[in-house]
Amino acid sequence: PKTARAFGYIDPTHSRSSRVNPAMSRLATQLSATLNVVLALAFVALVINVKTQQSVVGSSIVRTPTHKIIPVTPSMRVNSRAASQSRNIIAPQSTARLDFLEASPYYDQSGIPVNTHKNKAPLTAKVVSVERIVGPKATGETCNIVIDHEGKMPYWEGQSAGVIPPGIDPKRNKPYGVRLYSIASTRYGDKFDGKTMTLCVRRATYWDPELGREDPAKKGVCSNYLCDAKPGQELALTGPSGKVMLMPEKTPEAPIIMLATGTGIAPYRGFLRRLFVENTEAGEKFKGLAWLFLGVANSDALLYDDDWKAIQEKYPEKFRYDVALSREQKNAKGGKMYIQDKVEEYGKEVFELMNLGAHIYFCGLKGMMPGVLGAMEGVAKSQGLSWEDTLSKWKKAGQWHVEVY
């Protein structure tokens, strides 16, 4: 049939040569059978090859994302250890010497950048990645957000960046204003090229007891905007701003005591990466003790916990790390363990370090301050000291740094 011949099939009964020469007919039959087998095998191989290529292409699209990102939604649950591993924790210490963004000398703060980009003329930056960094039992969702500023917004550790969310504020019928966030990276950024900054942002939500669910109308505008951001999305940045939380690098022997609740950990991430992760002159010359106190609800809410443990293992004599887990630990009186309880527990050592010239930093919710101040006043009285005079002396010496919200 014509269709069969079109696919290379030859019917010997229709071959004129078979009637003329029987030997030639047998040879033609054998050749025909062989050719049919070869063509059939070639056709099968072609089909398999096409399917294989499609499979490879499809799998490469799924398994090789352009950006490392973990989608952040309220229902998402990610193991905190797995999240930190996706950030590729850098084992102290990075090898490349970092000095291209340093002052001369490195501790000279006279040229620190301030308000390079103002509210009326913000910098357009782009989101690199967003990832959830807390576990399933954390009280809320906290995200690590890396932003590419192309080196156009230099900053120092301890400063803040402003973000202007899009849209109109219904209460004022005007565009939303700037929201400030403590920068959670060193001036070199997490890629060590001086072109990125990192923010640590908790998604602000409101649980309505009457509705029995979250009320989206009362959610935090900017925090949700940032936590929902996608790679490549543009952001309006202002700043950098602030000098209150700068490191005391002029006195590298001075101990640094850091108290944080929740996302108040942000500036200290910059401090500790500069001292113990990056290969900088500041880290090389630091001779003091860095002591971090972090207060959160439970173990799943600990932020950058693996990073701190890696530093503690590498530099046990220069770094201390204590946590207050209010829903898992008990204080000396049997109540919930808050950060002020840790201060009271180690009060004598804290005061000794302060008297040696230590700098103490507070960052996080302003509600932490009354309890912390009360604990420190109790320690002062136990040592026969006037708390008012002691605090005044520390502030006058520039040892007291507070940034709460």
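Residues numbered from 1 in each chain as written. Predicted model: local features only at pLDDT ≥ 70, side-chain atom pairs only at ≥ 80, totals over all residues. Heavy atoms only, no water.

Participant: So what exactly am I meant to see when it comes to the overall build of the protein here?
Facilitator: A tally of helices and strands in the protein yields 12 helices and 15 strands. When each of the 405 residues of the protein is scored for burial, the buried share is 45%. At a minimum sequence separation of 6, the contacts of the protein that also span at least 24 residues come to 74%. Approximately 21,500 Å² of the protein is accessible, and the part contributed by carbon and sulfur atoms is 56%. (Helix = DSSP H or I, 4+ residues; strand = E, 2+ residues; numbered from the N terminus. Buried < 20%, exposed > 50% of the residue type's maximum accessible area, 1.4 Å probe, protein only. Contact = heavy atoms within 4.5 Å. Areas by Shrake-Rupley, 256 points an atom, 1.4 Å probe, with all protein chains shown as cover.)

Participant: Explain the sheet that holds strand β2 (residues 142-148) here, please?
Facilitator: Adjacent strands of a sheet pair through backbone hydrogen bonds, lying either parallel or antiparallel. Pairing within the open sheet is antiparallel, and its 6 strands lie in the order β6-β3-β10-β1-β2-β7. The outermost strands of the open sheet, each flanked by one partner alone, are β6 (179-182) and β7 (196-202). Across this sheet, the average inter-strand angle for adjacent strands is 40°, counted without regard to direction. Here strand β3 (residues 160-164) runs beside β6; their pairing, made up of 4 bridges, is antiparallel. Bridging from a neighbouring strand, S160 pairs with S182 of β6. (Pairing = 2+ DSSP bridges. Axes fitted to C-alpha atoms, helices over the stretch in contact; angles between N-to-C directions.)

Participant: Even after reading the chapter, I still don't get the packing of aromatic side chains, so can you show me in this structure?
Facilitator: For any pair of aromatic rings, the description rests on two quantities: the centre-to-centre distance and the angle between the ring planes. Under the defined criterion, the tally for this structure stands at 18 aromatic pairs. Here W394 and W400 contribute two aromatic rings whose centre-to-centre distance is 6.2 Å and whose plane-to-plane angle is 20°, an arrangement assigned as stacked. Taking the relative accessible area as the measure of exposure, W394 reaches 1% and is therefore buried. Pairwise contacts between aromatic rings join F276, F286, Y315, F319 and Y321 into one cluster. Its end group placed over the ring of W156, R187 keeps NZ or CZ at 4.3 Å from the ring centre. Seen from the ring of Y346, R320 lies directly overhead, with NZ or CZ sitting 5.3 Å from the centre. (Phe/Tyr/Trp six-rings, centres within 6.5 Å; stacked < 30°, edge-to-face > 60°. Lys NZ or Arg CZ within 6 Å of the ring centre and 35° of its normal.)

Participant: Just to check I follow, could you spell out the sheet that holds strand β13 (residues 319-325) for this structure?
Facilitator: In spatial order, the strands read β13-β12-β11-β14-β15; together these 5 strands make up an open sheet with parallel pairing. Two strands close off the open sheet at either side, each with one partner strand: β13 and β15 (400-404). Sheet twist, expressed as the average angle between the axes of neighbouring strands with direction ignored, equals 10°. Across 5 bridges, the pairing between strand β11 (residues 256-261) and strand β14 (residues 359-364) is parallel. Counterpart to I257 in the pairing with β14 is I360. Against the sheet, helix α11 (residues 368-382) makes contact with β11, β14 and β15, and its axis sits at roughly 150° relative to β14, the strand it touches most.

Participant: I would appreciate a short explanation of the layout of surface pockets in the present structure.
Facilitator: Of the pockets and cavities examined, the largest pocket occupies roughly 1,000 Å³. Considering the residues around the largest pocket, the lining is formed by 41 residues, among which T261, G262, T263, L365 and Y405 are closest to the centre. Secondary-structure elements contributing two or more residues to the lining of the largest pocket are β6, β7, α5 (221-227), β12 (290-296), α9 (339-345) and β15. In terms of residue count, β6 provides more of the lining of the largest pocket than any other element does, 4 residues in total. Residue classes in the lining of the largest pocket are distributed as 21 nonpolar, 16 polar and 4 charged. (1 Å grid on protein atoms, 1.4 Å probe; cavity = no way out; pocket = protein on both sides within 12 Å on 5 of 7 lines; lining within 4 Å. Points joined across faces, edges and corners; volume = space filled by probe spheres on them. Nonpolar A, V, L, I, M, F, W, Y, C, P; charged D, E, K, R; others polar.)

Participant: Explain the side chain of E141 to me, please; I cannot follow it from the model alone.
Facilitator: Considering the arrangement of structural elements, one finds E141 in the loop between β1 (123-132) and β2. A distance of 3.3 Å separates the side chain of E141 from the side chain of R132, its partner in a polar contact. (Polar contact = N/O pair within 3.5 Å; in protein donor to acceptor, adjacent residues only side chain to side chain.)

Participant: Explain the state of the cysteines to me, please; I cannot follow it from the model alone.
Facilitator: Covalent bonding between the sulfur atoms of two cysteines is what defines a disulfide. In total, this model carries 0 disulfides according to the counting rule given. Sulfur of C143: no disulfide; nearest cysteine sulfur belongs to C227 and is 3.4 Å away. Exposure remark for C143: the relative accessible area of 0% places this residue in the buried category. Of all cysteine sulfurs, the one in C227 lies closest to C222, which takes part in no disulfide; the gap is 9.5 Å. (Disulfide = S-S within 2.5 Å.)

Participant: It is not clear to me how the nonpolar core should be interpreted in this structure. Could you clarify?
Facilitator: Note that soluble globular proteins tend to have their nonpolar side chains buried in a common cluster. Counting residues in hydrophobic clusters, the biggest one holds 36 residues, and the most contacted among them are I265, Y268, L272, F276, L292, W308 and F319. Taken together, the elements giving at least two residues each to this core come down to β11, α6 (266-277), β12, α8 (305-314), β13 and β14. Among the elements that make up this core, the one with the highest residue count is α6 (7 residues). Counting residues in hydrophobic clusters, the runner-up holds 25 residues, among them W291, A358, F362 and V379. (Core = buried A, V, L, I, M, F, W, Y, C linked by side-chain atoms within 4.5 Å.)

Participant: Please clarify how the pattern of salt bridges should be interpreted in this entry.
Facilitator: Side-chain pairing between opposite charges can occur once the charged atoms of the two side chains come close. Scanning the entire structure with this criterion turns up 18 salt bridges. Note that E141 is salt-bridged to R203, the shortest N-O span being 2.5 Å. Of this pair, E141 sits in the loop between β1 and β2 while R203 sits in the loop between β7 and β8 (207-208), and the two are 62 residues apart along the sequence. For the residue pair E141 and R203, the accessibility class agrees, reading buried in each case. As a salt-bridge pair, R273 and D190 come within 3.8 Å of each other at their nearest N and O atoms. You can see R273 sitting in helix α6 and its partner D190 sitting in the loop between β6 and β7, a full 83 residues away along the chain. Summarising the burial analysis for this pair, R273 and D190 share the class buried. Three or more residues joined by partner-sharing salt bridges are found here, namely E102, E157, R187, E249 and R274. (Salt bridge = Lys/Arg side-chain N within 4 Å of Asp/Glu carboxyl O.)

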